[in-house]
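# Tertiary structure, described
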Amino acid sequence: MTEQLKIGIVLGSNRQGRVSPQVGEWAKKLADQRNDAQYEIVDIADYDLPFFGTTAGTEPDLAKWSEKINELDAYIFVVAEYNHGMTGVLKNAIDSAPTTAWNNKAASIMSYGSTGGARAAEHLRGVLGELMVADTRVHPTFSLFLDFENFTTFNPGELHLENMNMMFDQLNSWGTALKSVRG
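A brief report on the enclosed structure follows. (Residues numbered from 1 in each chain as written. Predicted model: local features only at pLDDT ≥ 70, side-chain atom pairs only at ≥ 80, totals over all residues. Heavy atoms only, no water.)

On the surface, a nonpolar cluster with roughly 390 Å² of combined accessible area is contributed by Phe-145, Leu-146 and Phe-151. One can find Phe-145 in the loop between strand S6 (141-143) and strand S7 (148-149). Overall, Phe-145 belongs to the exposed group, its relative accessible area being 54%. (Patch = residues over 30% accessible without salt bridge, like charges linked within 9 Å, V, L, I, M, F, W, Y side chains within 5 Å. Areas by Shrake-Rupley, 256 points an atom, 1.4 Å probe, with all protein chains shown as cover. Salt bridge = Lys/Arg side-chain N within 4 Å of Asp/Glu carboxyl O. Helix = DSSP H or I, 4+ residues; strand = E, 2+ residues; numbered from the N terminus. Buried < 20%, exposed > 50% of the residue type's maximum accessible area, 1.4 Å probe, protein only.)

Here's what the structure looks like:
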């Protein structure tokens, strides 16, 4: 039997009143029912990351963040769309870990926003490609108008379950294949 993948569900926002924890917890609940990998929430807000390149890089949370990214085999990014792109805090967090911590791993993207966060996801895909992270094709999108009550309470429809399961399947396949590349 092969060892299960370690998959981080990365919450890509730290704004006050953010909804990413609700989306991430919902994804984790679905993932845990599958028993096919070890899933955990990785909340960027739990790390005090300085703006990339503005310090000596010796802050304890930078080391903790890098260790966490390095120990994971794959990622599910919960991405909010702000101004047609991913959040600044997510981009900063990605840049703050060494590129080698990301190389030859797999990622899936779940996004939300007025247009389902599609533009933020496309922004993230380009960044992941540069880091040699293979992203899955299936990309669940959530509309602030349809999947949230009053834009604040996550209440996704059952129609998302099929996409979520396809996303998990693809992520596990790619994550397993790329783990063999890393050795």
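Another point: the packing of helix H1 (residues 20-32) against helix H6 (residues 160-182). Where H1 meets H6, the closest approach of the two axes is 11 Å, and the angle between their N-to-C directions is 70°. If you check the angle between H1 and H6, you find them roughly perpendicular. Judged by the sense of rotation from one axis to the other, the crossing of H1 with H6 is right-handed. Contact residues: H1 offers Trp-26, Ala-27, Leu-30 and Ala-31, while H6 offers His-160, Leu-161, Met-164 and Phe-168. A breakdown of the residues in the contact of H1 with H6 according to their chemical character gives 7 nonpolar, 1 polar and no charged. (Axes fitted to C-alpha atoms, helices over the stretch in contact; angles between N-to-C directions. Parallel < 35°, antiparallel > 145°, perpendicular 65-115°, else oblique. Left-handed = near helix turned anticlockwise from the far one by under 90°. Contact = heavy atoms within 4.5 Å. Nonpolar A, V, L, I, M, F, W, Y, C, P; charged D, E, K, R; others polar.)

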